[in-house]
Amino acid sequence: MSFTPGLWPREEIRPAKSYAELAVYKALRANLPRGWSAWHSLRVRDRNNLLGEGDFVLAHPDRGALVLEVKGGAVEQRDGRWYSNAVALDRAPLDQAIGYAKRLAARCHEIGTPLPSFGAAACFPDVAVDRQPSEDDLAGVVLGKNHLAWLAEALPGIADRALPQPREVRAGWMDTLHRLWGETWVPTLSLGTRAKDLGDRFALTEQQLDTLEGLAENDRVLVQGGAGSGKTLIAAEAARREAAAGRRVLLLCFTKPLRQWLAARLEGHGVEVKTVSGLAWSVVNDAGQGTAARDVTETDYWRATLLRAGDLAEGRWDSVIIDEAQDLLEEAWLFVASIVGAGTRLWAFYDPAQGFWPERKPPTDLFERATRYRLVRGKRCPPGIQALANRWIGEPHDEAAIAAAFANRTLALVESPSATALHDKVGAEIDRLLSDGLTPGDIAIVSLRGHKAADAIFNAPAIGRHAFVGADAPDMEERLVADS
């Protein structure tokens, strides 16, 4: 069970005007039979939006659920009618309990955890009951004041009379009762909702709009910004605006996954999107001088290819925009210079902190007279993640933001007991994220192991029970991604 069996609430009765219910609650707290659980004031809403409430619902995992209707005052029956303190009752003692029991059973069946059996009994805590009523629906299922001190002994017999023999018992039905009763609710946003809420982080800020306006006024621009400051967002929007103005636009980046992401968003806008190495290879190959790379990570091969492309390239674009500029080789910048004519705009976006190679940087001579912008406010990352990234690269950071992110589960540390258990451990985390409202396309596994590491997690056929794709897969936005 996901709850602790026993009486609920633990400390005191739910708000009720009935002193009779308070007396029954106290008796259950002192004398609930072993193996039973009880909930005071369990409310449900059925498929027709009709509400129902049981004064007490008692349950045993092998027997079923018993609705206990509490009637206070001097309860008696005269001339076939029922009275409390000499006032005629509108309904017979069990009518409300039976109707509610049926509604509760139907609700549990809708959820998929049907009750093994269900029934109803009555308790008159203000009157002693020496013998049971003769009315057949009540005979043997009534508790009186004198029974309250002996509930542990009296209730099992009442249940035997009130409950039919149980059908097949399915797991989870008592958990359903507890959930329907409602133990704890703290207003929070699920991880899935928070992930979707990040969408508003991609709206342009006033600073980003100012940067866009500044780009349009300058032919040579260098924009520096940290992770999440909007560099890629501004680069894509700038390319879109340039193309809308009738210019021939080339948007370059370093990595293939980013090229695919940008190409998908700029499809139909007249922007040519390439990786720098991919464009260089096309230039060389179109000239009949291309050779296949034995390994995409072979730096010497790409250095030679970029140099040949620089000799062969022709500048046919009005605007060249570069993202991930911190990762370009010196030979790549020579190639870029060869395709940038005298009247061509060149705008580059970079972040030194995100560079894999500290020695690589935009060349001074190419941007000697460039207008420079610095984006200082990160918007994509939640504060805790941004602070952790800053700590990792040795920049000033907010430890309180990191602590808060761990507290609200934006960040979490999960330890694997062994290397062999890693895949199952990560798979279990994926299951948890999916159950919290995320979709596979919201989840990525990022490994610090390079692509040459045979035991990297993304070289496995699956992670737990989950299939996945690499970051350069065409359908990566809808699929679980695992990559370096």
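Draft legend 1. Spotlight on the nonpolar core. Counting residues in hydrophobic clusters, the biggest one holds 58 residues, and the most contacted among them are Leu 28, Trp 39, Leu 42, Val 57, Leu 58, Leu 104 and Leu 177. Formed by 29 residues, the second largest nonpolar core is a distinct cluster that contains Ala 280, Val 284, Val 320 and Trp 333.

Draft legend 2. Summary view of the packing of aromatic side chains. Summed over the entire model, instances satisfying the criterion amount to six aromatic pairs. Each ring, one from Trp 82 and one from Phe 124, has its centre 6.3 Å from the other, and the planes form 50°; the classification is tilted. Within this pair, whereas Trp 82 is found in strand β6 (residues 81-84), its partner Phe 124 is found in strand β8 (residues 118-124), the two being separated by 42 residues in sequence. Its relative accessible area of 8% is what places Trp 82 among the buried residues. Taking NZ or CZ as reference, Arg 10 lies 4.0 Å from the ring centre of Trp 8, over its face. Stacked on the ring of Trp 357, the Lys or Arg Arg 360 has its end atom at 3.6 Å from the ring centre.

Draft legend 3. Structural context of the environment of Ala 105. Counting through the fold element by element, Ala 105 comes out in helix α2 (residues 95-111). On the basis of relative accessibility, which here comes to 12%, the residue Ala 105 falls in the buried class. For the pair formed by Ala 105 and Leu 177, sequence separation is 72 residues and the distance between their alpha carbons is 10.0 Å. Those residues in contact with Ala 105, other than ones at most four positions away along the chain, are Leu 115 and Phe 118.

Draft legend 4. Fine view of the side chain of Glu 324. Within the secondary structure, Glu 324 sits in the loop between β13 (319-322) and α11 (330-339). Buried charge without a partner: Glu 324 forms no salt bridge, and the closest opposite charge is Lys 231, 9.4 Å away. Here the side chain of Glu 324 touches Thr 255 through a polar contact of 2.9 Å, landing on its backbone nitrogen. Among residues more than four places away in sequence, those in contact with Glu 324 are Cys 253, Phe 254, Thr 255, Leu 258 and Phe 349.

Draft legend 5. Focus on the side chain of Asp 351. Take Asp 351: it is sitting in the loop between β14 (345-350) and β15 (371-375). Ignoring sequence-local partners within four residues, the contact set of Asp 351 consists of Gly 225, Gly 226, Ala 227, Lys 231 and Gln 326.

Draft legend 6. Main features of the sheet that holds strand β9 (residues 142-144). Read from one edge to the other, the open sheet built from six strands follows the order β1-β2-β3-β4-β8-β9, with strand pairing classed as mixed. The open sheet has two free edges, formed respectively by β1 (7-8) and β9, since each of these has just one partner strand. Relative to strand β4 (residues 64-70), strand β3 (residues 51-60) runs antiparallel, the two sharing five bridges. Residue pairing for β4: Phe 56 is matched across the bridge by Leu 68. Across the sheet, helix α1 (residues 19-31) lies against β1, β2 (37-45), β3, β4 and β8, angled at about 20° from β3, the strand it touches most. Lying on the sheet, helix α3 (residues 151-162) is in contact with β3, β4, β8 and β9; it crosses β9 at an angle near 160°.

Conventions and cut-offs
Residues numbered from 1 in each chain as written. Predicted model: local features only at pLDDT ≥ 70, side-chain atom pairs only at ≥ 80, totals over all residues. Heavy atoms only, no water. Core = buried A, V, L, I, M, F, W, Y, C linked by side-chain atoms within 4.5 Å. Buried < 20%, exposed > 50% of the residue type's maximum accessible area, 1.4 Å probe, protein only. Phe/Tyr/Trp six-rings, centres within 6.5 Å; stacked < 30°, edge-to-face > 60°. Helix = DSSP H or I, 4+ residues; strand = E, 2+ residues; numbered from the N terminus. Lys NZ or Arg CZ within 6 Å of the ring centre and 35° of its normal. Contact = heavy atoms within 4.5 Å. Lys, Arg positive; Asp, Glu negative; His and termini not counted. Salt bridge = Lys/Arg side-chain N within 4 Å of Asp/Glu carboxyl O. Polar contact = N/O pair within 3.5 Å; in protein donor to acceptor, adjacent residues only side chain to side chain. Pairing = 2+ DSSP bridges. Axes fitted to C-alpha atoms, helices over the stretch in contact; angles between N-to-C directions.

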